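# Notes for the structure review
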Amino acid sequence: MYCSDTDVLEITFDSYWYSHYTINLEGPYAVVDYFANSPTVYLPVANMGNVVDIYIESEDCGSYYGVLDKTAFTSME
């Protein structure tokens, strides 16, 4: 889940298997690797640009890919 007010991405894993995951965030301005050290991980994405590629990998729990487009969360007021 992405919170546009705080510019933080929240990812929640299984409460038992969370330590098996590595999260890689890639944007036009930065590339960052994170290790899940709790079932819910809060990742700051303020300095990553408007489009962030999300790679979640594990040797035994599968791999996942997603894209965060922050412009989809902006208001057109």
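Residues numbered from 1 in each chain as written. Predicted model: local features only at pLDDT ≥ 70, side-chain atom pairs only at ≥ 80, totals over all residues. Heavy atoms only, no water.

Scanning all chains against the criterion turns up three aromatic pairs. Aromatic pair F13 and Y21: ring centres 4.5 Å apart, planes at 15 degrees, arrangement stacked. Of the two residues, F13 and Y21, both sit in the buried class. When the ring of Y55 is compared with that of Y65, the centres are 4.9 Å apart and the planes differ by 40 degrees; the resulting orientation is tilted. Of this pair, Y55 sits in strand β6 (residues 51-57) while Y65 sits in strand β7 (residues 64-69); the two residues are 10 residues apart in sequence, bridging distant segments of the chain. Residue Y55 is classed as partly exposed on the basis of its relative accessible area of 26%. (Phe/Tyr/Trp six-rings, centres within 6.5 Å; stacked < 30°, edge-to-face > 60°. Buried < 20%, exposed > 50% of the residue type's maximum accessible area, 1.4 Å probe, protein only. Helix = DSSP H or I, 4+ residues; strand = E, 2+ residues; numbered from the N terminus.)

The subject of this paragraph is the environment of S63. Residue placement: S63 occurs in the loop between β6 and β7. If near-sequence neighbours (up to four positions away) are discounted, S63 is found in contact with I56, E57 and S58. (Contact = heavy atoms within 4.5 Å.)

Below, the discussion takes up the sheet that holds β7. Spatially, four strands are ordered β4-β3-β6-β7 in an open sheet, and the strand pairing comes out antiparallel. On the outer flanks of this sheet lie β4 (31-35) and β7, each paired with one strand and no other. Across the sheet, the axes of successive neighbouring strands diverge by a mean angle of 20 degrees, strand direction being ignored. Note that strand β3 (residues 22-26) and β6 share five bridges and pair antiparallel. Of the residues in β6, the one forming a bridge with T22 is E57. (Pairing = 2+ DSSP bridges. Axes fitted to C-alpha atoms, helices over the stretch in contact; angles between N-to-C directions.)

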